Amino acid sequence: MSIQFFLSLYFAVLGLILGSYLNVVIYRLPRRLSTITPRSRCPRCRVAIPPWDNIPLLSYLWLGGKCRRCGFRIPWRYPAIEAATGIGFVGVYQAFGWSSDSVVAALFLAAMIVLALIDAEHYILPDVITLPGIVLGLVLQPWIHWTTFQAAVIGAAAGAGVLYGVAWLWYWWKGIWGMGLGDVKMLAMVGAFLGWKGVIVTLFLASVSGSLAGAMLIVLGRLHLQSKLPFGVFLAMGAVLALFFGQTLIDSYVQMTVQILGG
Ligand SMILES: [Zn+2]
């Protein structure tokens, strides 16, 4: 067994444990509850869940997805988020190795998961995450090698500016704030972590996937032209792809453009 295998396993376990805490944050933060106390309880019978029934992923499988006392069916979202965080952390280790970049990337990934899930359910992107996120992205720049401090400052400003401009234009045209200012602050945070190139990739992927999802839901009759899509979900997906594949995407795009222009 190689050292790489053990470190991958280590990141997976860390991700599973953090994912379990992210579940708590996703549930409690929009409800203005403390994420530290009290201990997790069953939503139906209110019994405190003992630590041995709160092991990420394993407890869910062991208990067959039900509360041990009352048989309440635990939503599959809980183990899914734990698994996604675990897999994401292994991806971080594969991409950035044993480095300070990995620590920052893992933190950023966790924030994107939380923002996406809260936006999907409540249509809000809490300031408690996005505003400190902007500052943190800039402060952590000396430990990041995928972008520079200057590019991050430009990224934060451009991220906020672009979406604020879109929101303002929409308001000027329609007389309503169609886009939440949460999206503006979230893209600024993405810029602070990933730099301005990351903002371009994120915004491109989020717009394309958001439009496709919107069109599909309209065709399926699940969505009306007036209803809102949680754009933060698409920003989060775009940002995670930009984190892992941003440079590759930009390089292949530049190469393609050069080839087309070069005839
Ligand atoms: Zn119960």
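Parameters and conventions
- Residues numbered from 1 in each chain as written.
- Predicted model: local features only at pLDDT ≥ 70, side-chain atom pairs only at ≥ 80, totals over all residues.
- Heavy atoms only, no water.
- Core = buried A, V, L, I, M, F, W, Y, C linked by side-chain atoms within 4.5 Å.
- Buried < 20%, exposed > 50% of the residue type's maximum accessible area, 1.4 Å probe, protein only.
- Helix = DSSP H or I, 4+ residues; strand = E, 2+ residues; numbered from the N terminus.
- Contact = heavy atoms within 4.5 Å.
- Patch = residues over 30% accessible without salt bridge, like charges linked within 9 Å, V, L, I, M, F, W, Y side chains within 5 Å.
- Areas by Shrake-Rupley, 256 points an atom, 1.4 Å probe, with all protein chains shown as cover.
- Salt bridge = Lys/Arg side-chain N within 4 Å of Asp/Glu carboxyl O.
- Domains from an automatic or database assignment.
- Buried area = accessible area lost by both parts, 1.4 Å probe.
- Polar contact = N/O pair within 3.5 Å; in protein donor to acceptor, adjacent residues only side chain to side chain.
- Expected span 1.5 Å × (residues − 1).
- Donors = N, O, S within 2.8 Å, 3.2 Å for Na, K, Ca; no water.
- Tetrahedral: all angles 85-135°; square planar, octahedral: opposite > 155°, others 65-115°.

Caption draft 1: Spotlight on the nonpolar core. In this structure, F108, M112 and L235 are the most contacted members of the largest nonpolar core, which totals 54 residues. If you list the elements that add at least two residues to this core, you get α1 (3-28), α3 (77-96), α4 (100-122), α5 (127-139), α6 (149-174), α7 (181-219) and α8 (231-261). Apart from the residues within four sequence positions on either side, F108 is in contact with V190, F193, L194, A239 and L243.

Caption draft 2: How the structure looks around a nonpolar patch on the surface. Taken together, the side chains of Y164, W168, L169, W170, Y171, W172, W173, I176, W177 and L181 make up a nonpolar region of the molecular surface, amounting to roughly 1200 Å² of accessible area. In terms of residue count, α6 provides more of the nonpolar patch than any other element does, 7 residues in total. Secondary-structure assignment places Y164 in helix α6.

Caption draft 3: Expanded view of the domain arrangement of the protein. Parsing the protein into structural domains produces domain 1 (1-98) and domain 2 (124-263). The centre of domain 1, based on its C-alpha atoms, is set 28 Å off from the matching centre of domain 2. In this complex, domain 1 contributes 7 residues to the contact, which on the side of domain 2 involves 6 residues. Between domain 1 and domain 2 the total buried area reaches about 460 Å² when both faces are included, carbon and sulfur atoms providing 94% of it. Of all residues in domain 1, L29, P30 and F96 give up the largest surface area on contact with domain 2, accounting jointly for 74% of the area buried on that side. Counting across the interface, domain 1 meets domain 2 through 0 salt bridges. At the boundary of domain 1 and domain 2, one finds 0 residue pairs in polar contact (both at pLDDT 80 or more).

Caption draft 4: Region of the structure containing α4. Between its terminal C-alpha atoms α4 stretches 33 Å, which fits the 33 Å expected from 23 residues at 1.5 Å a residue. Measuring from the side-chain oxygen of the N-cap residue of α4 to the backbone nitrogen of D101 gives 3.3 Å; that N-cap residue is S99. Remark: Y123 follows α4 within two positions and exhibits a positive phi of approximately 60°.

Caption draft 5: Seen up close, the coordination of the zinc ion. In the first shell of the zinc ion, the protein supplies C42 (SG), C45 (SG), C67 (SG) and C70 (SG), at 2.3 to 2.4 Å from the metal. Note that the zinc ion binds 4 donor atoms; their angles at the metal cover 107 to 112°, and the shape is tetrahedral. Taken in sequence order, the residues that donate to the zinc ion follow the motif C-x2-C-x21-C-x2-C. Of this pair, C45 sits in the loop between α1 and α2 (58-62) while C67 sits in the loop between α2 and α3, and the two are 22 residues apart along the sequence.

Caption draft 6: Expanded view of the side chain of D53. For D53, the position within the fold is in the loop between α1 and α2. D53 sits in the buried class, given a relative accessible area of 11%. At a separation of 2.8 Å, a polar atom in the side chain of D53 contacts the side chain of R68. The contacts of D53, once residues within four sequence positions are left out, are S59, L63 and R68.

Caption draft 7: The environment of A158, seen in detail. You can see A158 is positioned in helix α6. Taking the C-alpha atoms as reference points, A158 and G19, separated by 139 residues in sequence, lie 31 Å from one another.

Caption draft 8: Representation of the environment of Y27 in the model. Following the sequence through the fold, Y27 ends up in helix α1. Under the relative-accessibility criterion, Y27 is labelled partly exposed at 36%. When the C-alpha positions of Y27 and L117 are compared, they lie 9.2 Å apart, and in sequence the two are 90 residues distant.

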